[in-house]
Amino acid sequence: MLTIALPKGRIAKDTLDIFEKTFNQKFEFEDRKLILESKDFKFLLVRNQDVPEYVLHQAADLGVVGLDVLYEKEFDLMKLLDLKIGKCRVCVGMKNEDSLDPNSPTITVATKMVNITKKHFSQKAMAVKIIKLYGSIELAPLVGLSDAIVDLVETGDTMRQNGLKVTETIMHSSAHLIANKNSFIEKKQDILSLYQKINDIIKNKD
Ligand code: PRP
């Protein structure tokens, strides 16, 4: 039996679709239930940012999570497979009329991704003050809370509709299958067989 933590929302649904195609079997959470058990798998429904915690502490053997969350957490986990779903970019954004001044002493950046932001600006040798927010990041520059944001961009609609532009792409992200290192040793055969089957199904996607 493999326990797999899925992030609530579209990625959980898309992952279960991949499992349905792979195993020719229906996988669907009942109403508000957070655990879905079948003969071989136990799926857990958790918050996106919490997936790495469940896998790190081996409450789940495997998890599905965006690369952005994985890089933000910097946990010691195994990255097994790109599921090619949940594609997006982590970008720096500013108001249309603003631009990043590399000579300004400090810029203020609002984000939920504090570590990625710190690393990015330190590589550019720019001093930043980071304001940690939990959502609606695009609002911050509009009301003078920050000079810039670091946030996820999928279609670009949220930035566009709020008069913001992407000034830099920090990284591309998509959902990946990750594993706990001990689980990988203890359940190697099961995990490799699952990896192989899913890989066969998704390898033709771009
Ligand atoms: C994410 C992200 C952006 C938006 C980007 O927010 O933080 O705000 O989606 O998508 P788009 O480029 O297709 O417009 P989410 O919906 O997760 O809500 P949040 O603002 O509460 O984090």
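Residues numbered from 1 in each chain as written. Predicted model: local features only at pLDDT ≥ 70, side-chain atom pairs only at ≥ 80, totals over all residues. Heavy atoms only, no water.

## Structural notes on unusual backbone geometry
Then, number 1: One non-glycine residue, K84, lies in positive phi territory at about 60 degrees.
Then, number 2: Along the chain, K84 falls in the loop between β5 (78–82) and β6 (88–95).
Then, number 3: A relative accessible area of 24% means that K84 is categorised as partly exposed.
Then, number 4: Phi at S136 is positive, roughly 45 degrees, even though this residue is not glycine. (Helix = DSSP H or I, 4+ residues; strand = E, 2+ residues; numbered from the N terminus. Buried < 20%, exposed > 50% of the residue type's maximum accessible area, 1.4 Å probe, protein only.)

## Considerations on helix α8 (residues 188–202)
Then, number 1: Here α8 is 15 residues long and its end C-alpha atoms lie 21 Å apart, about the 21 Å a rise of 1.5 Å per residue gives.
Then, number 2: By the burial criterion, the buried members of α8 are I191, L194, I198 and I202. Taken around the axis of α8, the buried residues stretch over an arc of 65 degrees, which confines them to a single face.
Then, number 3: The elements touched by buried residues of α8 are β1 (2–7), α1 (10–23), β3 (41–46), β4 (62–66), β5 and α7 (181–186). (Expected span 1.5 Å × (residues − 1). Arc of directions from axis to C-beta. Contact = heavy atoms within 4.5 Å.)

## Focus: the pattern of salt bridges
Then, number 1: Scanning the model with the defined rule gives 12 salt bridges in all.
Then, number 2: Two residues, K203 and D200, come together in a salt bridge whose shortest N-O distance is 3.4 Å.
Then, number 3: With relative accessibility at 48%, the residue K203 sits in the partly exposed group.
Then, number 4: Here D200 falls in the partly exposed class, since its relative accessible area comes to 40%. (Salt bridge = Lys/Arg side-chain N within 4 Å of Asp/Glu carboxyl O.)

## What about the site of the ligand?
Then, number 1: Neighbouring the ligand are K112, G135, S136, E138, D151, L152, V153, E154, T155, G156, D157 and T158.
Then, number 2: Measuring from an oxygen atom of the ligand, one finds a side-chain N or O atom of D151 at 2.9 Å.
Then, number 3: In the environment of the ligand, an oxygen atom lies 2.8 Å from a nitrogen or oxygen atom belonging to the backbone of E154.
Then, number 4: Here the ligand, which alone exposes 500 Å², has 64% of that area covered by the protein.
Then, number 5: If you list the elements that add at least two residues to the shell around the ligand, you get β9 (148–153) and α6 (157–161). (Near = heavy atom within 4 Å. Polar contact = N/O pair within 3.5 Å; in protein donor to acceptor, adjacent residues only side chain to side chain. Areas by Shrake-Rupley, 256 points an atom, 1.4 Å probe, with all protein chains shown as cover.)

## With respect to the domain arrangement of the protein
Then, number 1: According to the domain assignment, the protein contains domain 1 (2–86 + 174–205) and domain 2 (88–173).
Then, number 2: The gap between the C-alpha centroids of domain 1 and domain 2 is 29 Å.
Then, number 3: Taken together, the contacts link 10 residues of domain 1 with 13 residues of domain 2.
Then, number 4: Summed over both partners, the interface of domain 1 with domain 2 buries about 850 Å², with 44% contributed by carbon and sulfur atoms.
Then, number 5: Per-residue buried area on domain 1 facing domain 2 is highest for D68, E72 and E74; these three make up 58% of the total on that side.
Then, number 6: Scanning the region where domain 1 abuts domain 2 turns up two salt bridges.
Then, number 7: Among the ionic pairs, E74 bridges to K119, the shortest N-O distance being 3.2 Å.
Then, number 8: At the junction of domain 1 with domain 2, the criterion picks out eight residue pairs in polar contact (both at pLDDT 80 or more).
Then, number 9: It is helix α3 (residues 67–73) that contributes the most residues to the side of domain 1 that touches domain 2, four residues altogether.
Then, number 10: Residue composition of the side of domain 1 that touches domain 2, by class: two nonpolar, four polar and four charged. (Domains from an automatic or database assignment. Buried area = accessible area lost by both parts, 1.4 Å probe. Nonpolar A, V, L, I, M, F, W, Y, C, P; charged D, E, K, R; others polar.)

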